[in-house]
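# Coordinate analysis (summary)
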Amino acid sequence: MTSTVPASAGTVHPWFHEEGRPKPSDLRRLSGAETHELLRRETAGLSISLPGPALPAQPFVLPRSSYDELFEVSRVLLSLVRRAVLAQGGSWPARAEALGADPDDYPLLSGQDNTETEYCAMMARPDIVIGERGPQLLDFNVSGTFGGPIETHALAAVWQRTHQDDGRTPFTGSDPLVARVQAYEDVCTRRNLPKAVAVVGSLGDLLEDSDIRFHQLTLDQFRRRGFTADFFEPHELPDALGRPGALRYPLGLRNFALLDWRERGIGIEPVHQSQRSGLLLLPPQSSGLLANKKALALVSEGRPWMTRAERRTVERHLPWTRMTIPGRTDWQQGEHDLPALLFRERDRFVLKRAIGQTGREVLIGRHTGQQAWEEAVNGAFEAGDSIVQEYVEPLSCPLELTDGRATWTAPVSPVLSPMLFNGRAGGCWARFLPDGSAGSEGKISVGEYSATENAVLTWA
């Protein structure tokens, strides 16, 4: 059974829709039940969030201009964030202190500042919502452990099988796993290194049934492009890398989060020893400072070295963002006392911890009572550890959904996450709430609900 929900969908914003294209639902060659079953089967063991029962029956399909714009906006803003962070000090420990971060939280800084600087922006994934003015970048995830690469690769592969147009695949998109390998090829070429990479992680970082297949997909992509690639847990280091003498694996993919290891009691000394033995572990830990939201505030305020074109990109695509420092600031063509502005215009702002990625570090003014909001704002200004950002009302777009029995179209408001690897487009991940809730800076990004994941593609 197929049904639609046209009344609530409203007019589709031109950013999401290209005139003259067929509806993706018209190109689906499998039934809703077959699509539902294929999604469940092909994503099993990959830690992909499909909480159901309503699953996507199609990818998010964007016009080519919109798809490309996501990556271009991300490249420009990432470059500005990187430059703003570099300007905060003459070394990476100094930059950490300038951004209010504890240098002790960055124990894997290699001490090779030039190398850290060269590769700090090697892998990045922003979170973007679409507002009336187009893409609005809310924050950056910069590291080797952000979600999206495996998920986008696997989901895109499903959609290549479910949809056809005259026997051809109608959708396309860059592959994050391929783009990541290409980024490592760049490093090998630049440094004249053999194509050999150690994927450093720990079984148990994911759900138990996810680990083996999750890591195998990563290794397979490296091997297909001529790399020697193997997975190593910390207790196998550094001996498994080839000591003494020349390392068999001169490059490492940092596929773990320090916070996760600390919570599980896993020490990092073997990783330290590997670095001292010559392992170039990428991305370097300096990348985490580019994810510090204070860097976005610096860019939003404007830097003296920014060009007019860069300022226009910031004004158009980065919501107004400021650090929680008492004083006066500009907003809406006026000058305001910042704490008083936040108290008076609670519905217009979001409060975010500068360092942190879970829901506990985000508070949305319009979803918070006045007293709780004022207490949180006062605490943030006392600690100086947060930023405030103007709230973005996300636009919705239609997406075909199925529960395996019925198939219907509903308006959803996705968070879009284009991925960059050495500046190279590496696919786009999406999360949304199937019930049509506006989840951008609320329920999805602060983790109050389990969002459904999808791949973002464009027309072939």
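Residues numbered from 1 in each chain as written. Predicted model: local features only at pLDDT ≥ 70, side-chain atom pairs only at ≥ 80, totals over all residues. Heavy atoms only, no water.

As summarised here, the arrangement of the four strands in space is E8-E7-E9-E10, forming an open sheet in which the pairing is parallel. Each end of this open sheet is capped by a strand with a single partner; those strands are strand E8 (228–232) and strand E10 (280–282). Here the average twist between neighbouring strands, direction ignored, is 25°. Sheet topology note: the strand E7 (residues 196–200)/E8 ladder contains five bridges and is parallel. In the strand pairing of E8, alanine 196 is matched with threonine 228. Helix H7 (residues 176–191) rests against E7, strand E9 (251–254) and E10 of the sheet, and its axis sits at about 150° to E9. (Pairing = 2+ DSSP bridges. Helix = DSSP H or I, 4+ residues; strand = E, 2+ residues; numbered from the N terminus. Axes fitted to C-alpha atoms, helices over the stretch in contact; angles between N-to-C directions. Contact = heavy atoms within 4.5 Å.)

Here we take up the nonpolar core. Note on soluble globular proteins: their nonpolar side chains tend to be buried together. Of all hydrophobic cores here, the largest spans 52 residues; its most connected members are Phe140 and Leu290. No other element matches the 10 residues that helix H3 (residues 64–86) contributes to this core. Apart from the residues within four sequence positions on either side, leucine 290 is in contact with Leu78, Val81, Arg82, Val85, Trp92, Cys120, Ala121, Phe140 and Val142. Counting 24 residues, the second-largest nonpolar core is a separate cluster that includes Met122, Ala179, Ala229 and Trp429. (Core = buried A, V, L, I, M, F, W, Y, C linked by side-chain atoms within 4.5 Å. Buried < 20%, exposed > 50% of the residue type's maximum accessible area, 1.4 Å probe, protein only.)

One pass over the full model with this rule turns up 11 aromatic pairs. For the ring pair tryptophan 15 and phenylalanine 16, a centre distance of 5.4 Å and an interplane angle of 85° mean the geometry is edge-to-face. The exposure class of phenylalanine 16 is buried, given its relative accessible area of 9%. Members of the aromatic cluster, connected to one another through ring pairs, are Tyr184, Phe222 and Phe227. For arginine 95, the ring lying beneath its charged end belongs to tryptophan 92, and the centroid distance is 4.7 Å. (Phe/Tyr/Trp six-rings, centres within 6.5 Å; stacked < 30°, edge-to-face > 60°. Lys NZ or Arg CZ within 6 Å of the ring centre and 35° of its normal.)

A few words now on the pattern of salt bridges. The final tally for this structure, using the stated rule, is 25 salt bridges. Arginine 276 is paired through a salt bridge with glutamate 269; the nearest N and O atoms lie 2.6 Å apart. Overall, glutamate 269 belongs to the partly exposed group, its relative accessible area being 38%. Each of the salt bridges in this network shares a partner with another, and the network as a whole consists of Glu37, Arg41, Glu42 and Arg161. (Salt bridge = Lys/Arg side-chain N within 4 Å of Asp/Glu carboxyl O.)

Averaged over all residues, the pLDDT of the protein chain equals 91, while 92% of them reach at least 70. Between residues 1–9, whose pLDDT stays under 50, and residues either more than four places distant or in other chains, the model counts 13 contacts. Every residue in residues 439–443 is under pLDDT 50, and counting partners more than four places away or in other chains gives 28 contacts. (pLDDT = per-residue confidence, 0-100.)

So, on to the side chain of histidine 153. With respect to the secondary-structure elements, histidine 153 resides in helix H6 (residues 149–162). The exposure class assigned to histidine 153 is buried, which follows from its relative accessible area of 16%. Only 2.9 Å separates the side chain of histidine 153 from the side chain of aspartate 175, close enough to count as a polar contact. Not counting chain neighbours up to four residues away, the residues in contact with histidine 153 comprise Asp175, Pro176, Leu177, Leu217 and Gln221. (Polar contact = N/O pair within 3.5 Å; in protein donor to acceptor, adjacent residues only side chain to side chain.)

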